[in-house]
Amino acid sequence: MIRCPACGAENLPNSLFCEECGEPLIHEEKLTVKLVSLTEGWKIEMPLEGEVIIGRADPATGFKPHLDLSDKGGIEKGVSRRHLRLFRQGNKVYVEDLGSSNGSFINNRRLLPFSPEPLASGDEVRLGGEVLKIYLEG
Amino acid sequence: MGEEFRPDYYQFLEVSPFASQEEIESAYRRLVKEYHPDVLRAFKTAFLFRQLQEAYEVLRDPERRRRYDEWLRAKGLYPEKAFWANVLLSQRALRPLPEPQAWYVLFTIHAEKDHAIPPKPLNLCLVIDTSTSMKGPKLESALKASELVLRNLKEEDALALVTFNDRATVILPLARRHDPRKASSLLRKVKAEGGTEMSYGISSGLAELLKAGNLWESINYMLLLTDGETYGDEEECVRLAREAGAKGISIAAVGLGTDWNEELLEAIAQASGGVSLYIPHHKELPKTFQERVGALMGAVAAFKGKLELGEGINLKGLFRLDPQVSRVTMEGGTFFLGPFSGSIRLLAELVIPPLPAGHYPALRWEFGDLKGELAARGEVYLTIAEGVEGERIPKEILAAAGQVAIFKLREKAWKEIRGGERGKASQRLLFLAKQLEKAGEKDLALLAKEEAKFLPATGDLSAEGRKRLYYGTRLLALKPPEEG
């Protein structure tokens with residue numbers, strides 16, 4: 001059995017809502033992603049609900065990534081428009097290179113394009129010449 | 001078990017057998033991202049991913065798809081007509097557990113857009129309460145609403161009008177193309193007096209509808225209006241409703257004001273595949289009648305459903321979500337869904353017993369018209385496998401189960417009130433208030449809180465609060481959780 005966090009009632013495993021009080025039993029905890037640039041020194045925090053795309057805005061197509069590195073030296077460092085994305089699957093976070101020109105690395109290991117890998121808090125992720133330290137806070 | 005396991009490829013790709021190659025392609029692309037072993041690392045077996053590949057490889061190849069369709073057809077699982085039920089599972093695979101676990105299946109029965117089935121003419125009976133309490137503006141509104149319905153029918157539609165108090169009177173016998181002037185003058189003579197014995201009204205209304213002869217050729221519907229409690233014939237009303245449902249006649253039970261029994265009207269609706277509605281003020285009657293009849297205009301047939309459970313698997317609850325949330329009661333595995341036009345969602349809550357890893361036939365389903373001309377059938381297999389976790393619950397299932405969760409809280413509160421469990425019922429209303437608030441239903445949440453406050457002393461809800469909560473909690477347009 002699983003216990004409802006709100007009212008303490010017992011429910012069958014894999015129940016979606018509590019039979020007693022209607023509380024959702026399968027919910028994704030809120031997650032914040034904190035990015036620290038080791039090359040530029042800036043820090044930024046954002047909620048990770050679905051996905052966070054990191055890249056550069058493209059005024060021609062109207063594309064805007066969740067984190068735009070255009071004014072953070074992204075062009076000089078070879079960051080692509082759609083460079084990398086972080087996303088959640090259940091309670092796990094993954095990082096995926098979106099076919100960037102200059103590639104992405106996790107802890108100095110190259111990410112294959114479009115091949116997501118799990119990300120742990122404190123991992124170092126490189127986008128072209130930009131190095132980010134990524135922290136996950138629940 | 002016994003039979004060789006072969007997954008339903010269409011179901012696995014969450015498309016219907018009518019899906020185009022493009023739709024199959026795009027479904028595959030969407031799912032492959034979710035089920036890629038690199039993403040779902042937790043999968044010790046890459047089983048689901050392999051199954052997805054298999055489904056895609058068969059369905060993308062026209063020749064292999066044709067052979068697969070033939071195989072489905074041989075099993076009676078290929079839809080010959082133009083509608084289908086999409087099946088979504090809360091999880092495609094469950095872990096083997098030493099205890100029972102919950103599993104959810106969401107059906108969306110829908111007509112395929114490119115295969116229109118012609119709508120059928122209406123066979124309609126209005127059954128109007130003319131007890132003393134209807135006197136004055138209420139009756140006037142009801143008669144005005146009836147006249148409007150009559151004027152807006154198409155030539156091929158048939159209509160009857162019956163009134164009831166201590167007995168039933170046929171004002172307009174079933175006919176096509178009533179003379180509007182003659183009908184108006186007959187309606188003007190209707191008076192309100194006497195008590196409320198609803199079963200007479202239902203019974204007389206049914207007799208009119210049955211005059212149509214071949215009920216398969218029409219959409220058969222009774223619009224029943226009452227403003228009060230019926231006296232001692234509740235069971236007879238429900239029995240008649242069940243009889244109606246079995247003949248393809250559905251009943252919309254409309255309650256006006258607050259002095260009627262919502263549980264009775266809902267039981268009538270459920271037994272016949274109809275709906276029950278709450279109309280606070282008589283001024284809304286013409287609009288309500290028009291909307292109900294309007295919704296029937298595109299209907300193709302009265303539908304029923306059938307579910308057969310695999311060995312050891314239990315159905316904890318079955319709920320329909322459209323047009324409003326209601327519990328579906330089955331008799332011998334079948335249930336009435338009423339006139340089918342757009343689409344109907346049904347959520348089945350299942351309890352899975354402890355099972356070792358493997359594939360199990362969990363559910364056979366069938367939806368179709370009462371005559372058996374239109375039918376879609378399918379089988380749902382359950383996969384139990386080690387190391388499956390981290391699968392994302394489809395947002396459509398979360399949204400449906402959330403609506404049902406609120407519905408069930410309300411249902412439990414009513415049961416507790418009936419059983420005199422004041423404290424429990426009051427607590428239940430507070431739980432309900434909390435969930436309503438989360439759903440953004442501020443007014444209903446406030447109402448539930450107010451009612452919870454007075455319940456321990458009075459032992460009941462206020463008449464208006466009762467109706468507003470009963471019906472308000474069934475029509476929530478809950479937003480599905482944010483897409484991720």
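This report concerns the structure included in the present document. Everything numeric here is computed off the predicted structure, so don't read it as measured data.

## A few points about the overall build of chain A
Next up, step 1: Counting its secondary structure elements, chain A contains zero helices and 13 strands.
Next up, step 2: For chain A, the N- to C-terminal ordering of α and β elements is β-β-β-β-β-β-β-β-β-β-β-β-β.
Next up, step 3: The globule rule puts the C-alpha radius of gyration for 138 residues at 14 Å, and the 18 Å found for chain A is more than 25% above it.
Next up, step 4: In terms of overall dimensions, chain A has a C-alpha envelope of 55 × 30 × 25 Å along the principal axes.
Next up, step 5: Counting every position in chain A, which comprises 138 residues, the buried fraction comes to 51%.
Next up, step 6: Pairs at least 24 apart in sequence give 37% of the contacts found in chain A among residues at least 6 apart.
Next up, step 7: Per element, the accessible surface of chain A, about 6600 Å² overall, is 48% carbon and sulfur.
Next up, step 8: Here chain A holds 17 positive side-chain charges and 21 negative ones, and the gap between their average locations is 6 Å.

## A look at the overall build of chain B
Next up, step 1: Broken down by element type, chain B carries 14 helices and 16 strands.
Next up, step 2: The C-alpha atoms of chain B give a radius of gyration of 25 Å, which matches the 23 Å a tight globule of 484 residues would have.
Next up, step 3: Once the C-alpha set of chain B is aligned to its principal axes, its extents read approximately 75 × 55 × 35 Å.
Next up, step 4: Within chain B, the proportion of its 484 residues that are buried is 56%.
Next up, step 5: Within the structure as shown, chain B displays about 21000 Å² of accessible surface, and the carbon and sulfur contribution to it stands at 51%.

## Concerning the environment of Ala 241 of chain B
Residue and element names in this part refer to chain B.
Next up, step 1: With respect to the element layout, Ala 241 can be found in helix 8 (residues 234–246).
Next up, step 2: Sequence spacing of Ala 241 and Ile 393 is 152 residues, and the spatial spacing of their C-alpha atoms is 37 Å.
Next up, step 3: Apart from residues lying up to four places away in sequence, Ala 241 is in contact with Ile 251, Ile 268, Ala 271 and Ser 272.

## Describing the side chain of Glu 208 of chain B
Residue and element names in this part refer to chain B.
Next up, step 1: Structurally, the position occupied by Glu 208 is in helix 7 (residues 198–210).
Next up, step 2: The exposure class assigned to Glu 208 is buried, which follows from its relative accessible area of 5%.
Next up, step 3: Other than its neighbours up to four places away in sequence, Glu 208 contacts Cys 125, Ala 160, Val 162, Val 170, Pro 173 and Leu 174.

## Comments concerning the nonpolar core
All names here are of chain B.
Next up, step 1: Met 198, Ile 202, Leu 224, Ile 251, Ile 268, Leu 429 and Leu 436 are the most contacted members of the largest nonpolar core, which totals 55 residues.
Next up, step 2: Ignoring any residue separated from it by four or fewer positions in sequence, one finds Leu 224 in contact with Val 127, Phe 164, Met 198, Ile 202, Ile 251, Ala 252, Ala 253, Val 254 and Ile 268.
Next up, step 3: One finds Val 87, Ile 109, Phe 340 and Ile 384 within the second-largest nonpolar core, a separate group that totals 36 residues.

## Quick word on the sheet that holds strand 13 (residues 334–340) of chain B
All names here are of chain B.
Next up, step 1: Sheet architecture is open: five strands sit in the order 2-16-15-10-13, paired in mixed fashion. Edge positions in the open sheet fall to strand 2 (93–94) and strand 13, since each of these has one partner strand only.
Next up, step 2: Where strand 10 (residues 301–309) lies against strand 15 (residues 358–369), seven bridges are found, and the strand directions are antiparallel. Residue pairing across strands places Lys 306 opposite Glu 366, the latter belonging to strand 15.

## A closer look at helix 5 (residues 137–152) of chain B
Because the α-helix completes a turn every 3.6 residues, residues three or four places apart line up on one side.
Residues and elements named next belong to chain B.
Next up, step 1: Over its 16 residues, helix 5 extends 22 Å from the first C-alpha to the last, a length consistent with the 22 Å expected when each residue adds 1.5 Å.
Next up, step 2: For helix 5, the full list of buried residues reads Leu 139, Ser 141, Ala 142, Leu 143, Ala 145, Ser 146, Val 149 and Leu 150.
Next up, step 3: Check the buried side of helix 5 and you find it contacts strand 4 (122–129), strand 5 (158–164), strand 6 (168–176), helix 6 (180–188), strand 7 (219–226) and helix 10 (285–296).

## Observations regarding the side chain of Asp 322 of chain B
Residue and element names in this part refer to chain B.
Next up, step 1: Structurally, the position occupied by Asp 322 is in the loop between strand 11 (314–320) and strand 12 (326–327).
Next up, step 2: Within polar-contact distance, the side chain of Asp 322 engages the backbone nitrogen of Arg 345 at 2.8 Å.
Next up, step 3: Sequence-distant contacts of Asp 322, that is, excluding residues within four places in its chain, are made with Ser 343, Ile 344 and Arg 345.

## Comments concerning the packing of aromatic side chains
Residue and element names in this part refer to chain B.
Next up, step 1: Applying the stated criterion across every chain yields a total of 17 aromatic pairs over all chains.
Next up, step 2: In textbook terms, an aromatic cluster arises when at least three aromatic residues are bridged by ring pairs, as seen for Trp 84, Phe 107, Phe 335, Trp 365 and Phe 367.
Next up, step 3: Against the face of Trp 260 rests Lys 467, its NZ or CZ located 4.7 Å from the ring centre.

## Overview of unusual backbone geometry
Next up, step 1: Asp 322 of chain B connects to Pro 323 of chain B through a cis peptide bond whose omega is 0°.
Next up, step 2: Even without glycine at this site, Asn 107 of chain A takes up a positive phi of about 45°.
Next up, step 3: Residue position: Asn 107 of chain A is located in the loop between strand 9 (104–106) and strand 10 (109–110).
Next up, step 4: The phi angle at Phe 114 of chain A is positive, at roughly 55°, despite the residue not being glycine.
Next up, step 5: Secondary-structure assignment places Phe 114 of chain A in the loop between strand 10 and strand 11 (117–118).
Next up, step 6: With relative accessibility at 54%, the residue Phe 114 of chain A sits in the exposed group.

## Structural notes on the packing of helix 13 (residues 442–458) of chain B against helix 14 (residues 463–472) of chain B
Residues and elements named next belong to chain B.
Next up, step 1: The interhelical angle for the contact between helix 13 and helix 14, taken along N-to-C directions, is 135°, at an axis separation of 10 Å. Taken as axis vectors, helix 13 and helix 14 run oblique relative to one another. For helix 13 against helix 14, the interelement crossing comes out left-handed. Where helix 13 approaches helix 14, its residues Asp 443, Leu 444, Leu 447, Ala 448 and Glu 451 are matched on the opposing element by Gly 465, Arg 468, Leu 469 and Gly 472.
Next up, step 2: Of the residues that constitute the contact of helix 13 with helix 14, the class distribution is four nonpolar, two polar and three charged.

## Comments concerning the packing of helix 3 (residues 47–60) of chain B against helix 4 (residues 62–74) of chain B
Residue and element names in this part refer to chain B.
Next up, step 1: Where helix 3 contacts helix 4, the two axes come as close as 5 Å, and the packing angle between them is 105°. The angle between helix 3 and helix 4 falls in the class roughly perpendicular. Mapping the contact onto sequence places Glu 57, Val 58, Leu 59 and Arg 60 in helix 3 and Pro 62, Arg 64, Arg 65 and Tyr 68 in helix 4.
Next up, step 2: When grouped by side-chain class, the residues that make up the contact of helix 3 with helix 4 number four nonpolar, no polar and four charged.

## Structural notes on the pairing of strand 9 (residues 275–279) of chain B
The side chains of a regular strand alternate, residue by residue, between the two faces of the sheet.
Residue and element names in this part refer to chain B.
Next up, step 1: In terms of burial, strand 9 is a largely internal element, five of the five residues being buried.
Next up, step 2: Where burial is concerned, the two faces of strand 9 agree: the one with Val 275, Leu 277 and Ile 279 and the one with Ser 276 and Tyr 278 are both buried.
Next up, step 3: Here strand 8 (residues 249–256) pairs with strand 9 via five bridges, running parallel. Bridging across to strand 9, Ala 253 finds its partner in Ser 276.

Parameters at a glance
Along each chain, the written sequence defines residue order, and numbers are assigned to residues from 1. Here the convention is simple: chains get letters from A, ligands get numbers from 1, in the order in which they are written. With pLDDT at 70 or above as the cut-off, local features in this predicted model cover only qualifying residues; side-chain atom pairs require 80 or more to be listed or tallied, and sums for whole chains, interfaces and linings still use all residues. Side-chain figures throughout are based on the complete set of non-hydrogen atoms in the structure, without hydrogens or water. Going along the chain from the N terminus, every DSSP run of H or I of four or more residues is numbered as a helix, and every run of E of two or more is numbered as a strand. The globule rule used for comparison is 2.2 Å times the number of residues to the exponent 0.38, while the radius of gyration itself is calculated over C-alpha atoms. Each residue's exposure class comes from its accessible area (1.4 Å probe, protein chains only) as a fraction of the maximum for that residue type: buried when under 20%, exposed when over 50%, partly exposed otherwise. Any two residues whose heavy atoms approach within 4.5 Å at even a single point are treated as in contact. Each accessible area is a Shrake-Rupley estimate made with a 1.4 Å probe; only the visible protein chains count as cover when residues are assessed. Charge counting treats Lys and Arg as positive and Asp and Glu as negative, with His and both chain ends excluded. In plain terms, the charge of a residue is placed at NZ if it is Lys, CZ if Arg, CG if Asp and CD if Glu. As used here, the term nonpolar core means buried Ala, Val, Leu, Ile, Met, Phe, Trp, Tyr and Cys residues forming a set that is joined through side-chain atoms within 4.5 Å. The rule for pairing is simple: two strands pair if DSSP sees at least two bridges between them. For a helix, the expected span equals 1.5 Å multiplied by the number of residues minus one. Here a polar contact is taken to be a pair of N or O atoms separated by no more than 3.5 Å, where protein atoms must pair a possible hydrogen donor with a possible acceptor and residues adjacent in sequence count only if both atoms sit in side chains. Aromatic contacts are taken between Phe, Tyr and Trp rings whose centres are within 6.5 Å, Trp giving its six-membered ring; a plane angle under 30 degrees counts as stacked, one over 60 as edge-to-face, and the others as tilted. In this scheme, the term charge over a ring applies when either NZ of a lysine or CZ of an arginine sits within 6 Å of the ring centre and within 35 degrees of the ring normal. A fitted line through C-alpha atoms serves as each axis, taken over the contacting stretch for helices, and the angle formed by two N-to-C directions is quoted from 0 to 180°. Orientation labels follow simple angle bins: below 35 degrees gives roughly parallel, above 145 gives roughly antiparallel, 65 to 115 gives roughly perpendicular, and whatever is left gives oblique. Left-handed describes a crossing whose near helix is turned anticlockwise from the far helix through less than a right angle; right-handed describes the clockwise counterpart. Ten residue types, Ala, Val, Leu, Ile, Met, Phe, Trp, Tyr, Cys and Pro, are classed as nonpolar, four, Asp, Glu, Lys and Arg, as charged, and the remainder, Gly among them, as polar.

Everything listed here is a matter of coordinates, which is why it stays silent on function.
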